[in-house]
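Next come the chains, spelled out residue by residue.
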Amino acid sequence: MSELVSLSRAGEIGVISINNPPVNALSPGVPEGIAAAIAEVAADASLKGAVMIGSGQTFIAGADIKEFGKITSGQRKEGINFLDVIKSIEDCPKPTVAAIHGTAFGGGLEVAMGFHYRVAVASAQVGQPEVKLGIIPGAAGTQRLPRLAGVAKAVQMCADGNPVSAKEALAVGIIDRIVDGDLLEGALAFLREKIAAGEQPPKTRERNEKLGDEAANAPIFEAARAQAKKARGLMAPQAAIEAVEAATKLSFDKGVARERELFNQCLHSDQSKAMIHVFFGEREVAKIPGIGRDVQQIEIKKAAIIGAGTMGGGIAMNYANAGIPVIIKETTQEALDRGLAIIRKNYQNSVNKGRFPQEVMDKRMALITPQLSYDGFEEADIITEAVFEGMALKKEVFAELDKIAKPGAILASNTSTLNIDEIASATSRPEFVIGHHYFSPANVMRLLEIVRGQVTSKEVIATSMALAKRLKKVGVLVGNCYGFVGNRMLHQYGREAQFLVEEGAKPQEVDGALYKFGMAMGPLAVGDLAGLDVGWRIRKEFKHLEKAGVRHPLIADLLCEMGRYGQKTGAGWYKYDENRKATPDPEVEKLIEDVAAEAQINRRTITEEEIIERTQYALINEGAKILEEGIALRAVDIDIVYINGYGYPAWRGGPMWYGDTVGLKKVYDRVCQFYEEHGELWTPATLLKELAEAGKTFAEYDKAK
Ligand code: 3H9
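Reference entry: report on the structure contained in this document.

Conventions used here
- Residues numbered from 1 in each chain as written.
- Predicted model: local features only at pLDDT ≥ 70, side-chain atom pairs only at ≥ 80, totals over all residues.
- Heavy atoms only, no water.
- Helix = DSSP H or I, 4+ residues; strand = E, 2+ residues; numbered from the N terminus.
- Rg over C-alpha atoms; globule rule 2.2 N^0.38 Å.
- Buried < 20%, exposed > 50% of the residue type's maximum accessible area, 1.4 Å probe, protein only.
- Contact = heavy atoms within 4.5 Å.
- Areas by Shrake-Rupley, 256 points an atom, 1.4 Å probe, with all protein chains shown as cover.
- Lys, Arg positive; Asp, Glu negative; His and termini not counted.
- Charge placed at Lys NZ, Arg CZ, Asp CG, Glu CD.
- 1 Å grid on protein atoms, 1.4 Å probe; cavity = no way out; pocket = protein on both sides within 12 Å on 5 of 7 lines; lining within 4 Å.
- Points joined across faces, edges and corners; volume = space filled by probe spheres on them.
- Nonpolar A, V, L, I, M, F, W, Y, C, P; charged D, E, K, R; others polar.
- Near = heavy atom within 4 Å.
- Polar contact = N/O pair within 3.5 Å; in protein donor to acceptor, adjacent residues only side chain to side chain.
- Pairing = 2+ DSSP bridges.
- Right-handed = clockwise from strand over helix to strand, strands pointing away.
- Core = buried A, V, L, I, M, F, W, Y, C linked by side-chain atoms within 4.5 Å.
- Phe/Tyr/Trp six-rings, centres within 6.5 Å; stacked < 30°, edge-to-face > 60°.
- Lys NZ or Arg CZ within 6 Å of the ring centre and 35° of its normal.
- Axes fitted to C-alpha atoms, helices over the stretch in contact; angles between N-to-C directions.
- Salt bridge = Lys/Arg side-chain N within 4 Å of Asp/Glu carboxyl O.

## So, the overall build of the protein
Inference 1: Per the secondary structure count, the protein includes 30 helices and 19 strands.
Inference 2: Against the 2.2 N^0.38 benchmark of 27 Å for 705 residues, the protein shows a C-alpha radius of gyration of 28 Å, consistent with a compact globule.
Inference 3: Projected onto the principal axes, the alpha-carbon positions of the protein cover approximately 90 × 60 × 50 Å.
Inference 4: Taking all 705 residues of the protein together, 55% fall into the buried category.
Inference 5: A separation of at least 24 residues holds for 72% of the contacts in the protein among residues at least 6 apart in sequence.
Inference 6: Surface exposure of the protein reaches about 29,900 Å², of which carbon and sulfur atoms provide 53%.
Inference 7: Across the protein, the centroid of the 84 positively charged side chains sits 3 Å from that of the 92 negatively charged ones.

If you want it as structure tokens, here you go:
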């Protein structure tokens, strides 16, 4: 046995413990240790069976994801194979029980399914989340799960990757009992009952009774495939469905072989490399150089928000969802009522969809206190301002907050573009001022851009990062500049989308190409959704910064002047019917042609390839400048911003990773060409040039930091 896996005794039962913190992943040594422990139990005449349990927070959270990168990069020669280990557990002549707490995910559930029985605490979760890493279960999960849970549940779990609760796992047959109280005691008691009953230990791989027949299964697979198509472009869900289908059509061993083929195809795809990059990236962004775990955090027990508009309301919901009481203040009763009505409607929709029961909604609503005054603000540990985007107004609000807030309270601004230091200068405590930039809809989008000012304290930063996690967001720390990371890059991206329209592409062609690329929506459609007036207001605010002689987009302002603010006014880049369905508008096409003619822009046929290059390389080039300036800590931080805040497809790994996939030399060469053709807006980033010339990637740049 190793330090990772130990075998002890509870009377006549062997207790196998996994001890591989933090999540008991199946790193090298763990599966071997389990196999050795099982062999010892089988060989030891004094033992009648075994229970396996995880030490610490969890059972087994799956294969060690770090190993996948080693395999695909050639650093590790042999693949990952737990099949024999799992079979050896299943073939153990003595009954075995997996005792599950925390999570049995991926390889963890696959190992558990090799045990003859599974028991769990009520808070445990089980799942096959591999598709979220661009792969599929690779240790017979797609073959054993349908044998326990039935085909429909198995295909759903393998294709969408979402976990199920212990309660559901019990109902569908994945686990055999929920243990109240001590898990190990409960598992031992369960096993003793089985030993006393003299039951033949069941082997999951031989349990074929839930596999159904072809006629019954066909509509299940058809529905699953239709559902998986919604994950546009993502291969793994379709592969997972195929593997589960193999379980219903082939013998167990042949099904396992088919699963392996599909697993390997997925593992070596660009998609899984990108998604594994995202998995580790989402955890990497939490690591801030110079701000360790020793930094004291401010305790957040009460929150307050100024502004009950779309953003303020969404932010209040985040706090209420996390169980933090929150005051929300508006200036007029009408605005307050409107804001509250939207919050209530959002919660009601969730209740109607069965996401949570009415009591949960009532509890959350009760945590939100709407009011017109500043009463109670003096008790808030954090106050978030979510008023209109305008420096004068923000400064006024912060000057007021400075008078009201208690010493040590965090003063956060939800600004999406403005200078956080200037906002902080309206207070006597700039070290407590920070940007908390949420993304619309704020109760849904996972990104929280946390903007550090010049003197923002370490405590305020550390608290903000931890708070993001508590609010179920991905917090990314960024520096202070116009638009920070996300919107600064978006500006370049949106600019190119509009230039392409002026140069001859139709709005639906630009949006269509980017949608096909994998973006959740095209940029012009996003503008219509968010409201074109938002950008219009910001452009007016920054008009003084526009350089003479530098091209800027012409159409969006004109659309606003025509009252076409997007979906909310029934017209923007597109026109909208009462169901908000967009159709191209000849009036807009005419406007574009007229404006282009007047500006003497040469209209031509634009290819999809050019749409992708112009928009993506604009993102990458600006991203490289952001890195040079230290506005983002790492390239991966930019990727995480884009995936969680801007609908960038995770399977492309984010814009910087996409650049690496294309090859930075190619990106740089095209940027240079665009510079020749379009001028200074395309000035190549020095960092991009350096990396391209050295044959390096952004990922290597991050590693070297
Ligand atoms: C698989 O199993 C394939 C199989 O079919 C077999 C193929 C042959 N490996 O998330 P946290 C690290 S694929 C390596 O912050 P939480 C993580 O990076 C796998 N490392 O904690 C972090 O490190 P650091 C299927 C892992 O409490 C630390 O652990 N399984 C792994 O918020 C803490 O993580 C999955 O996809 C891993 N498997 O959430 C499950 N998991 O501190 C992936 C975590 O240095 N994991 N780490 O930044 C999760 O979903 C969450 O981590 C979990 C805990 C819910 C378990």
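## Structural notes on the layout of surface pockets
Inference 1: The calculated volume of the second largest pocket comes to roughly 780 Å³.
Inference 2: His277, Phe280, Trp657, Ala699 and Lys703 are, among the 22 residues lining the second largest pocket, the residues nearest its centre.
Inference 3: Those elements that place two or more of their residues in the lining of the second largest pocket are helix 2 (65-72), helix 12 (270-284) and helix 30 (698-704).
Inference 4: For the lining of the second largest pocket, the element with the highest residue contribution is helix 12, accounting for seven residues.
Inference 5: For the lining of the second largest pocket, the per-class residue count stands at eight nonpolar, seven polar and seven charged.

## Remarks on empty space enclosed by the protein
Inference 1: Per the stated rule, a full pass over the model turns up three cavities of 30 Å³ or more.
Inference 2: Taken as a whole, the largest cavity encloses approximately 40 Å³ of empty space.
Inference 3: Taken together, Glu496, Phe499, Arg551, His678, Leu681 and Trp682 make up the full set of residues lining the largest cavity.
Inference 4: Classifying every residue of the lining of the largest cavity by side-chain character gives three nonpolar, one polar and two charged.
Inference 5: Taken as a whole, the second largest cavity holds about 40 Å³ of empty space.
Inference 6: Along its surface, the second largest cavity is lined by Gln492, Arg495, Ala618, Asn621, Glu622, Leu681 and Trp682.
Inference 7: Those elements giving two or more residues to the lining of the second largest cavity turn out to be helix 19 (486-503) and helix 25 (608-628).
Inference 8: Ranked by residues supplied to the lining of the second largest cavity, first place goes to helix 25 with three residues.
Inference 9: By residue class, the composition of the lining of the second largest cavity is three nonpolar, two polar and two charged.

## Points about the site of the ligand
Inference 1: Inspection of the region around the ligand gives 28 residues, with Ala61, Ala63, Glu110, Glu130 and Arg283 positioned closest.
Inference 2: Here a nitrogen atom of the ligand and a backbone polar atom of Ala61 are 2.8 Å apart.
Inference 3: Surface burial for the ligand is 76%, taken as the share of its 1,000 Å² of free accessible area covered by protein chains.
Inference 4: For the shell around the ligand, the secondary-structure elements that each account for two or more residues are helix 2, strand 5 (103-105), helix 4 (107-114), helix 11 (252-267) and helix 12.

## Here we look at the pairing of strand 2 (residues 13-18)
Inference 1: Along strand 2, six of the six residues are buried, which leaves the element largely enclosed by surrounding structure.
Inference 2: On strand 2, burial covers both faces: Ile13, Val15 and Ser17 on one face and Gly14, Ile16 and Ile18 on the other are all buried.
Inference 3: With six bridges joining them, strand 1 (residues 5-10) and strand 2 adopt antiparallel strand pairing. Note that in strand 2 the partner of Val5 across the bridge is Ile18.
Inference 4: Both strand 2 and strand 3 (residues 49-54) contribute to a ladder of six bridges, which runs parallel. Opposite Val15, over in strand 3, you have Val51 as the bridge partner.
Inference 5: On the question of chirality, the crossover connecting strand 2 to the parallel strand 3 by way of helix 1 (residues 30-43) is right-handed.

## Details of the nonpolar core
For soluble globular proteins, the rule of thumb is that nonpolar side chains tend to be buried together.
Inference 1: The biggest cluster of nonpolar side chains holds 94 residues, and the ones touching the most others in it are Ile383, Val485, Val510, Trp573, Leu627, Leu688 and Phe698.
Inference 2: Top contributing element to this core by residue count: helix 25, with nine residues.
Inference 3: Contact partners of Leu627, with chain neighbours within four places excluded, come to Ala632, Arg634, Ala635, Ile638, Met656, Leu687, Phe698 and Tyr701.
Inference 4: Membership of the second largest hydrophobic core comes to 84 residues, among which are Val5, Met113, Ile175 and Ala224.

## Comments concerning the packing of aromatic side chains
Inference 1: Within the structure shown, the criterion is met by 12 aromatic pairs.
Inference 2: A ring pair is formed by Phe517 and Tyr648, whose centres lie 5.9 Å apart and whose planes are at 75°; its orientation type is edge-to-face. Here Tyr648 lies in the loop between helix 26 (635-645) and helix 27 (655-662) and Phe517 lies in helix 20 (residues 507-517), a separation of 131 residues in the sequence. Tyr648 shares its class with Phe517; the two are buried.
Inference 3: Joined through ring pairs, the aromatic side chains of Phe439, Phe517, Tyr642, Tyr646, Tyr648 and Tyr658 make up one cluster.
Inference 4: Geometry around Phe356 places Arg364 over its ring, the cationic atom sitting 4.5 Å from the centre.
Inference 5: Lying over the aromatic face of Phe499, Arg551 brings its terminal NZ or CZ to 3.7 Å of the ring centre.

## A short note on the sheet that holds strand 14 (residues 410-413)
Inference 1: Judged by pairing direction, the sheet is mixed, and its eight strands sit side by side in the order 12-11-10-13-14-15-16-17 without closing on themselves. Each of the sheet's edge strands pairs with one partner strand only, and the pair in question is strand 12 (368-371) and strand 17 (474-478). Sheet twist, expressed as the mean angle between neighbouring strand axes with direction ignored, is 25°.
Inference 2: In this fold helix 16 (residues 391-404) packs onto strand 10 (303-306), strand 13 (382-385), strand 14 and strand 15 (433-438), with an angle of close to 170° to the strand it touches most, strand 14.
Inference 3: Sheet strands touched by helix 18 (residues 458-470): strand 13, strand 14, strand 15, strand 16 (447-451) and strand 17. Its angle to strand 15, the strand with the most contacts, is close to 20°.

## What about the pattern of salt bridges?
Inference 1: Counting across every chain of the model gives 51 salt bridges.
Inference 2: A salt bridge links Arg258 to Glu261; its shortest N-O distance comes to 2.4 Å. With Arg258 and Glu261 both in helix 11 and three residues apart, the pair spans about one turn of that helix.
Inference 3: Among the residues examined, Glu261 registers a relative accessible area of 45% and is labelled partly exposed.
Inference 4: Residues Glu610 and Arg614 are paired through a salt bridge, measuring 2.8 Å at the closest nitrogen-oxygen approach. Linking Glu610 with Arg614, this pair stays in helix 25, spanning four residues, or about one helical turn. Per residue, the accessibility class of Glu610 equals that of Arg614, and both read buried.
Inference 5: Via salt bridges that share partners, Arg495, Glu496, Glu502, Glu503, Arg551, Arg604, Glu610 and Arg614 belong to a single interconnected network.

## Comments concerning the pairing of strand 14
Inference 1: Here strand 14 shows a buried face lined by Ile410 and Ala412 and a second buried face lined by Leu411 and Ser413.
Inference 2: Across four bridges, the pairing between strand 13 and strand 14 is parallel. Bridging from a neighbouring strand, Ile382 pairs with Ile410 of strand 14.
Inference 3: In terms of handedness, the path from strand 13 via helix 16 over to strand 14 forms a crossover that is right-handed.
Inference 4: By the bridge criterion, three bridges tie strand 14 to strand 15 in an arrangement that is parallel. In the strand pairing of strand 15, Ala412 is matched with Ile434.

Don't take any of this as a statement about function, it's just geometry.
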